[in-house]
Amino acid sequence: MATKASRPGRVLVVLGLVILALYGGAAAAGNWKPRLGLDLQGGTRITLQAKALNGQSVSTDKLNEAKGIIEQRVNGTGVSEAAVSTQGGDQIIVEIPGQDRQGIVDQVGRTAQLRFRLVWASAPGSPTGTIPQTPLIIKPTSSASSPPPTSVAPTSVAPTSGAPTTKPTTKPTTKPTAKPTSKPSTKPTAKNRAASAWMLRGKPGKPKTTKPTKPAPTSGPTTAPTSGPTTAPTSGPTTAPTSGPTGGATSGTPSSDWSKVTLDQSVAISNSAAQSATGSGTPPSGYEAAFGALTAKMGSFVCPASGAAPIVNDIPDQPLITCDTNGTRFLLSPAVIEGTDLNSASAGIPQNGVSWAVNLALNGTATDVFANISQQMVQSGAGGGGLFAIVLDGQVISAPGFTSAINDGNAQITGNFNQDSANALANSLKYGALPLTFEINGVTVEGPSLAGSSLKAGILAGLVGLALVVVYCLFYYRGLGLVVVASLVVAASITYACVLLLGASLGFTLTLPGIAGLIVAVGITADSFIVFFERLRDEVRDGKSLRLAVEAGWRRARTTILAADAVSFLAALVLYIFAIGVVRGFAFALGLTTIIDVFVVFLFTKPLVSLLARTRFFGQGHRLSGFDARHLGIEGRNVSQMARLARKGS
Amino acid sequence: MGKLASVGQQLYSGRVSFDFVGRRKLWYAISGMIVLFAISGLLVRGINEGVEFKGGVEFTAKIAATQDNVSKLTDAVAGSGVPEVGDPVATTSGSDAIRISTKPLTSDQSQQVATALKSAGATDVSTNLIGPSWGKQVADKALLGLVVFLVLVVMFIWAYFREWKMSVAAIVALAHDLVITVGVYAWSGFEVTPATVTGLLTILGFSLYDTVVVFDKVRENTRKFENSTTRTYSESANLAVNQTLVRSINTTITALLPVAAILVVGIVVLGTGPLKDLSLALLVGMAAGAYSSIFIATPLAVQLKGLEPAVRAHTKRVLARRGRLVAAPVAAGGPGVGGTGDVDSGGGGTVVPAPAGASTSARRATPSRRVVDSAAAKRTQPQRSARSARTGSTARTPRGGSSTRPKKR
């Protein structure tokens, strides 16, 4: 009996230590206020639904990649503190606290657009612009990166093992150096030349075998020459300046039908641009006026200062004026290959190399186009071929040149990549290849002052609810009511600590439904006390002394409390899994408080009642204790008497 | 209050007893009518789906909630240059907000409308834009959640009680609560939002909680019903309900108080919104849940259990024995506890004086008692003699103290 009697106190001390530890953790996190949800502090919440392009289901990997790209986009808009999360397997939630940011919805939710275009003209971002970086080089993946692809590549006329190794090593060193030295001296567009130093190189030895296939497989060469010249003269150069420097879309400019330009023509422009002193290509006949308008527009185009993606309208079959991250301006051809034709992209250090490289692999159709382009560009001569621009979301992320034809669709971009930049480019390519589109499911904008009144209402409701429960318990259970109050205080303090800790560790935010959940939980928590107390009183009615009744009543109430809490928790869990949006906060709060309820009842209420049962006030059934005979309806047989009897007996 | 508390004791001892189990036909009839009413509401009026389920845009404008402002804002929306708004519906929400809902818009359009609202005098505007296909998904998911939860609950109850009869009774009670809550929404025309559905699912948990507590006691009381010579199975079960009655009332009150606080504060301060949606569904559902666990779940469980041959045989045995005792003049009657006078029998409960235990000795016997005993023996509740025996030498004085209870055995 003596050892048993000492236990309740010890349990209470342990619980006190646990609570102290919880608050110690919260103090370590350094935040004494819970993180508030958008509905309580104001902000914008965008729900995007990811959809697979090809009708497949959205995989977790793909969704996480999409989350990454959307995070980048949101950050790119200069928004701070934005939280991007996934939900329900196919949704992405963007939460931006503060003012109304509905304006970024379209930007954030658009599909990742990766397109490969050809550089028709380019210009440095500013007259004082310097060469952004040392040359990047592109090698064929199959020859330089790792042996396995080489041996596997089935269609290629296998080059001797000596050839691939020599080519990559010689080419990068000679070409890049040759170009910058010859060209910059003659013209001011030094930056442009820098870009041209990036090399795309195909598999050595291959070009000769595939050359007969040179005619572009995509566009009919017969129609293009005829339609081009006829439409071109009608184009008014006067319309060109109207769209101004802000818009990258070129569809509104001289009405030459750029979509009719053939791939060969496009490549020719690009090649001529590489040869040209101005960095600007020569258009096919009939397109001169329109092309002039485009280059003029490019000349006046202003790139975003931060290197962020310019706001442009990326239309696949139209030329595009845009920038790269260094502020170099580009006039690009209509898209020659779509990003969805990219099978894979990865970053790594090639087996024979020492520096980082980015590998990319194209699918079947794109491989042919790519082969065609690379062959023509490599052929174009001493000044180097045109440049091949990789455009993600309207921004040029890389613009390498070819040094050899790439016929199997496997290319490797090399240069002065470090691990980060190589991974960044590979990721960008992956995002672009992501076969997902986004549909805007919902946009919620909470005005800050409306959110403020929600917070006040939530707190007020909580206080009123708590007060009502306390008053009722004191009224009905008198002295025991104080135990209820104390238990609720303990439960509340644990809950608050948990909310703080979860906010710091898991990013749990308190929303209005979450507050409602906490308030509803007050009732559920009080329920377990009532179950216990009623059992306790039943035992006393049966004639047990209070001390014995506490143990006997507890044994029976325990099962009921656990079963009931299990049901509550089950409900909260199912709610959490199936609830949508902010309502999840309700389920989370309910589940959390259910667990806390079990802790409090077991580690606080029961030990406390055990301790109190030893006091004169409770043990002898004081009129205000909640255990007096009249209150229990057992007048004439009083608790104190029973207790005394029990004490004598023990 | 003293009275209320002592009722607890009387209910516990069985001296005051509401016949929950015996009068099941009455409760079934009452519930049946309510459920029919609820279903007809669902059929006739349907559910007023919120914007989250059907898609559209809901604007909340912070502005004094006057009729003038309502028409002003409605005009502003109509004149915002967005033809897709259709017929905007504006209602006041709380004291300083007006809500306007429109047909689905694009994000740009909703921004345009929000700007129009601001220029019409709103100091702050919240927007909730839900795409139409999304709304459908939300509704489907809510329905799926409901089904999954019901399945889990059936499994839980089955695992906990290890008896399909109790499981069936608990499920029927749950369905009863759900239908009634949905019916209230149908007839009142309150908007059903995801928050409402959440409230509805929470009710399931709560209603189940109530039922679990009552069934726990029923199980305890009927564990060795075969050994009892004085009480039939259904009488034991009814005693359990009575014994947990105070607890049921107390837990329901403590659970409803915070919910009511949320509801009142939510409506007064915020008007419509998740607080109101959640708490309204909870309030209705919890009240229905407390009712159904007592009036529907237990009687149904007892009725199903009564089909078992063992229970039937036992009931027959007890009644036969009781009949013999009643016939013997010495043993007739029971303590004349004035339960009827103390307890208001409102709420459909009837107070039936408990017949004496089989072993009672000399007693006051009244003619009326005999009638009750013989005609309605099945419904009457004997006191808990077995437990009373445990009190040992302590003499018990019933309220009023007019008669002294004899020692047991």
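Residues numbered from 1 in each chain as written. Chains lettered and ligands numbered in written order. Predicted model: local features only at pLDDT ≥ 70, side-chain atom pairs only at ≥ 80, totals over all residues.

Here's the deal with the overall build of chain A
For chain A, the helix and strand inventory stands at 23 helices and 16 strands. Contacts spanning at least 24 positions in sequence make up 79% of the contacts within chain A whose residues lie at least 6 apart. (Helix = DSSP H or I, 4+ residues; strand = E, 2+ residues; numbered from the N terminus. Contact = placed C-beta atoms within 7 Å.)

Looking at the overall build of chain B
Looking only at helices and strands, chain B has 15 helices and six strands in total. Here chain B, with 409 residues, has 56% of them falling under the buried criterion. Partitioning the contacts of chain B with sequence separation of at least 6, the portion at a separation of at least 24 is 78%. (Buried ≥ 20, exposed ≤ 12 C-beta atoms within 10 Å, placed from the backbone.)

Structural notes on the pairing of strand 5 (residues 124-130) of chain B
With seven of seven residues buried, strand 5 of chain B lies mostly within the body of the structure. Taking every second residue as pointing to the same face, both faces of strand 5 of chain B are buried, with Asp124(B), Ser126(B), Asn128(B) and Ile130(B) on one and Val125(B), Thr127(B) and Leu129(B) on the other. Here strand 16 (residues 436-446) of chain A pairs with strand 5 of chain B via four bridges, running antiparallel. Along strand 5 of chain B, the bridge assignment pairs Thr444(A) with Asn128(B). (Pairing = 2+ DSSP bridges.)

Description of the nonpolar core
Ranked by size, the top nonpolar core spans 202 residues in total, and within it Ala61(B), Leu117(B) and Val259(B) carry the most contacts. It is helix 11 (residues 274-305) of chain B that contributes the most residues to this core, 18 residues altogether. Residues within four places of Val259(B) in sequence aside, it is in contact with Val520(A), Gly523(A), Ser279(B), Leu282(B), Leu283(B) and Met286(B). (Core = buried A, V, L, I, M, F, W, Y, C linked by C-beta atoms within 7 Å.)

Quick notes on the sheet that holds strand 2 (residues 83-87) of chain A
Taken in spatial order, the eight strands make up an open sheet running 2(A)-3(A)-1(A)-16(A)-5(B)-2(B)-4(B)-3(B), and their pairing is antiparallel. At either margin of the open sheet sits one strand with a lone partner, and together these are strand 2 of chain A together with strand 3 (89-92) of chain B. The average undirected angle you get between the axes of adjacent strands in this sheet is 20°. For strand 2 (residues 56-62) of chain B and strand 5 of chain B, the ladder comprises seven bridges, and the chain directions are antiparallel. Note on strand 5 of chain B: the bridge partner recorded for Val57(B) is Leu129(B). Contacts between helix 16 (residues 448-477) of chain A and the sheet are confined to strand 16 of chain A together with strand 2, strand 4 (97-102) and strand 5 of chain B, with strand 5 of chain B contributing the most and set at about 85° to the helix. (Axes fitted to C-alpha atoms, helices over the stretch in contact; angles between N-to-C directions.)

Quick look at the environment of Leu450(A)
Summarising the element assignment, Leu450(A) is placed in helix 16. Separated by 411 residues in the primary sequence, Leu450(A) and Asp39(A) have C-alpha atoms spaced 8.5 Å apart. If near-sequence neighbours (up to four positions away) are discounted, Leu450(A) is found in contact with Thr60(B), Lys62(B), Ala97(B), Asp124(B) and Ser126(B).

Notes on the interface of chain B and chain A
Facing the 71 residues of chain B at the interface are 71 residues of chain A. Among the elements that line the side of chain B that touches chain A, the one with the most residues is helix 10 (residues 245-270) of chain B, at 16 residues. Residues belonging to the side of chain B that touches chain A are distributed by class as follows: 38 nonpolar, 25 polar and eight charged. (Nonpolar A, V, L, I, M, F, W, Y, C, P; charged D, E, K, R; others polar.)

A word on helix 7 (residues 164-188) of chain B
All names here are of chain B. Look at helix 7: 36 Å from first C-alpha to last across 25 residues, which is about the 36 Å you get at 1.5 Å a residue. For helix 7, the tally of buried residues reaches 18 of 25 residues, placing the bulk of the element in the interior. Just past helix 7, the residue Gly 189 takes up positive phi, approximately 75°. (Expected span 1.5 Å × (residues − 1).)

Points about the packing of helix 2 (residues 24-44) of chain B against helix 11 of chain B
Residue and element names in this part refer to chain B. One can describe the packing of helix 2 onto helix 11 by two numbers: an axis separation of 10 Å at closest approach and a directional angle of 130°. Taken together, the axis directions place helix 2 and helix 11 in an arrangement best described as oblique. For the pair helix 2 and helix 11, the crossing hand works out as left-handed. Residue-level contacts link Arg 24, Trp 27 and Ser 31 of helix 2 to Phe 295, Ile 296, Pro 299 and Gln 303 of helix 11. (Parallel < 35°, antiparallel > 145°, perpendicular 65-115°, else oblique. Left-handed = near helix turned anticlockwise from the far one by under 90°.)

Examining the packing of helix 7 of chain B against helix 11 of chain B
The axes of two packed helices give the description: the angle between them and the distance between them. All names here are of chain B. Across the interface, helix 7 lies against helix 11 with an axial gap of 7 Å and an inter-helix angle of 150°. With respect to each other, helix 7 and helix 11 are oriented roughly antiparallel. In this structure, helix 7 meets helix 11 at a crossing whose hand is right-handed. A class-by-class count of the residues in the contact of helix 7 with helix 11 yields 16 nonpolar, six polar and three charged.

Things to note about the pairing of strand 7 (residues 320-323) of chain A
Residues and elements named next belong to chain A. Where burial is concerned, the two faces of strand 7 agree: the one with Leu 320 and Thr 322 and the one with Ile 321 and Cys 323 are both buried. Where strand 7 meets strand 8 (residues 329-332), four bridges bridge the pair, whose relative direction is antiparallel. The partner of Leu 320 across the bridge, within strand 8, is Leu 332. The loop that links strand 7 with its antiparallel partner strand 8 comprises five residues; one of these, Gly 327, has a positive phi angle of about 90°.

Description of the environment of Asp108(B)
For Asp108(B), the position within the fold is in helix 5 (residues 107-119). In the structure, Asp108(B) is positioned 26 residues away from Val82(B) in sequence and 9.9 Å away in space, judged by C-alpha atoms.

Digging into helix 13 (residues 288-300) of chain A
All names here are of chain A. An ideal rise of 1.5 Å per residue puts 18 Å on 13 residues; helix 13 measures up with 18 Å between its terminal C-alpha atoms. Turning to helix 13, its buried residues are Ala 289, Ala 290, Phe 291, Ala 293, Leu 294, Thr 295, Lys 297 and Met 298. In the core, the buried residues of helix 13 are packed alongside strand 4 (114-123), strand 7 and strand 8.

With respect to the confidence of the model for chain B
If pLDDT is low for a region, its predicted coordinates should not be looked at in detail. All names here are of chain B. Overall, the predicted model of chain B reaches an average pLDDT of 73, with 77% of residues at or above 70. Across chain B, element-level confidence peaks in helix 2 with a mean pLDDT of 89 and bottoms out in helix 13 (residues 339-342) with 36. Here residues 330-409 is modelled with pLDDT under 50, and outside its nearest four sequence neighbours on either side it reaches 137 contacts, counting other chains as well. Taken together, the chains of this predicted complex give a pTM of 0.65 and an interface ipTM of 0.72. (pLDDT = per-residue confidence, 0-100.)

A closer look at the confidence of the model for chain A
Residue and element names in this part refer to chain A. Looking at chain A as a whole, the pLDDT averages 71, with 67% of positions reaching at least 70. The element-level mean pLDDT for chain A is lowest in helix 7 (residues 147-152), coming to 34, with helix 20 (residues 584-612) highest at 88. The low-confidence segment residues 127-135 (pLDDT under 50) makes 16 contacts with residues lying over four places distant or belonging to another chain. Here residues 143-254 scores under 50 on pLDDT; set against residues more than four positions off or in separate chains, the count is 238 contacts.

Quick word on the environment of Ser266(A)
Residues and elements named next belong to chain A. Here Ser 266 is to be found in helix 12 (residues 263-275). The spatial distance from the C-alpha of Ser 266 to the C-alpha of Pro 334 is 8.2 Å, given a sequence separation of 68 residues. Contact partners of Ser 266, with chain neighbours within four places excluded, come to Leu 118, Val 261, Ser 333, Pro 334 and Val 336.

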